[in-house]
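Structure assessment
If you want the building blocks of each chain, they are given just below.
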Amino acid sequence: MALTDKVDDWWVYADVVLAAGFGLAAARYDFYLYSPTATPGYAAKVRLSIWGAGFGGHAHSVPLPESPADWIELTCLRKFSVWDLDQGPGTLAMGGIGVGAGFGGVLIDAFSNAGKPLFRNQLITGFGGSAGASIVAGAGRWSFKRTTVPLKSAEA
């Protein structure tokens, strides 16, 4: 199996977020995608970069060491591959606050690069090391970054 295989058993792990805004906002959110059937032995790192509206200065967050509970099973609307997601449109709404340690949440949608919905309203929350506070909502584009060895809990 490979990144080109269309499956509907994707799991997602939210990694690093960078956001800035006061009125106009920009955010970059990194995720790992893992499928037990399409990507056994590795995960795909993808990024959602958006422009939109928001406030709160700037924020960045790095998650705590991940555990199996940090992986969220996507509720897929159709089978898709990583290449279907690459360069497809997406939306994001996020909020977070922290000084040293923080808590945040992100709601994501994805469409294929052909415009078909892949998943909607996926909520991911968690604790991490962070600085700042931010609320951002916007639209942008998904991009495939690289494959990586799986995070240790992806197969747990």
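It should be emphasised that the depicted structure is a prediction, and the values quoted were computed from it without experimental measurement.

Right, let's get into the overall build of the protein. Scanning the protein for helices and strands turns up one helix and five strands. Listed by position from the N terminus, the elements making up the protein come as β-β-β-α-β-β. When burial is assessed residue by residue, the protein has 47% of its 156 residues classed as buried. Sequence-distant contacts, at least 24 apart, represent 74% of the contacts inside the protein between residues at least 6 apart. Counting every atom, the protein has about 7,400 Å² of accessible surface; 63% of that belongs to carbon and sulfur.

Right, let's get into the packing of aromatic side chains. Tallied over the full model, the rule gives nine aromatic pairs. Taken together, the ring pairs in this structure connect Trp10, Tyr29, Phe31, Phe80, Phe119 and Trp142 into an aromatic cluster.

Looking now at the environment of Lys79. As for its placement among the helices and strands, Lys79 is situated in the loop between strand E3 (72-73) and helix H1 (82-85). Sequence spacing of Lys79 and Lys6 is 73 residues, and the spatial spacing of their C-alpha atoms is 5.1 Å. Excluding its chain neighbours within four sequence positions, the residues that come into contact with Lys79 are Lys6, Val7 and Asp8.

Ranked by internal contacts, the top residues of the largest apolar core, which has 32 residues, are Trp10, Phe31, Ile108 and Trp142. Of all elements in the fold, only strand E1 (11-34), strand E2 (43-63), H1, strand E4 (89-111) and strand E5 (117-148) reach the threshold of two or more residues within this core. Per element, the largest residue contribution to this core is eight residues, and it comes from E1.

The next point concerns the side chain of Ser112. Inspection of the secondary structure puts Ser112 in the loop between E4 and E5. Residues in contact with Ser112, not counting those within four places in the same chain, are Asp84, Gly88, Pro89 and Leu118.

Taken as a whole, this structure holds four salt bridges when the rule is applied. For Lys6, the salt bridge identified is with Asp84, shortest N-O distance 2.7 Å. One end of the pair, Lys6, is in the segment before E1; the other, Asp84, is in helix H1, with 78 residues separating them in the sequence. Residue classification places Asp84 among the buried residues on the basis of a relative accessible area of 16%. A salt bridge links Arg47 to Asp30, with the nearest nitrogen and oxygen atoms 2.6 Å apart. Here the residue Arg47 occupies a position in strand E2, and Asp30 occupies one in strand E1, the gap between them amounting to 17 residues. Judged by its relative accessible area of 17%, Arg47 falls in the buried class. Each member of the salt-bridge network shares a partner with another, and the members are Arg28, Asp30, Lys45 and Arg47.

Summary statistics for the protein give a mean pLDDT of 81 and a share of 76% for residues scoring 70 or more. By mean pLDDT, E2 is the weakest element of the protein at 77, and H1 is the strongest at 95.

The backbone phi angle of Gln87 is positive, close to 70°, even though this residue is not glycine. Residue placement: Gln87 occurs in the loop between H1 and E4. The class of Gln87 is partly exposed, set by a relative accessible area of 42%. In this model, Asn121 sits at a positive phi of 50°, which is unusual for a non-glycine residue.

What counts and what doesn't
Numbering of residues starts from 1 in each chain and follows the order in which that chain's sequence is written. Reporting in this predicted model follows two pLDDT cut-offs: at least 70 for local features of residues, and 80 or more for side-chain atom pairs to be given and counted; totals over whole chains, interfaces and linings ignore these cut-offs and use all residues. Side-chain metrics rest on all non-hydrogen atoms present in the structure, leaving aside hydrogens and water. Only DSSP runs of H or I reaching four residues or more are called helices, and only runs of E reaching two or more are called strands; each is numbered from the N terminus. A 1.4 Å probe rolled over the protein chains alone gives each residue an accessible area, and that area as a share of the maximum for its type sets the label: buried under 20%, exposed over 50%, partly exposed in between. Every residue pair with non-hydrogen atoms within 4.5 Å of one another is taken to be in contact. Computed by Shrake-Rupley with a 1.4 Å probe, the accessible areas treat only the displayed protein chains as cover when residues are assessed. The pairing test for Phe, Tyr and Trp rings, Trp by its six-membered ring, is centres within 6.5 Å, and the orientation test on the planes gives stacked under 30 degrees, edge-to-face over 60, and tilted for anything in between. We define a nonpolar core as any set of buried Ala, Val, Leu, Ile, Met, Phe, Trp, Tyr and Cys residues linked to one another through side-chain atoms lying within 4.5 Å. A side-chain nitrogen of Lys or Arg and a carboxyl oxygen of Asp or Glu constitute a salt bridge if their distance falls within 4 Å. Confidence scores per residue from the predictor, reported as pLDDT, run from 0 to 100.

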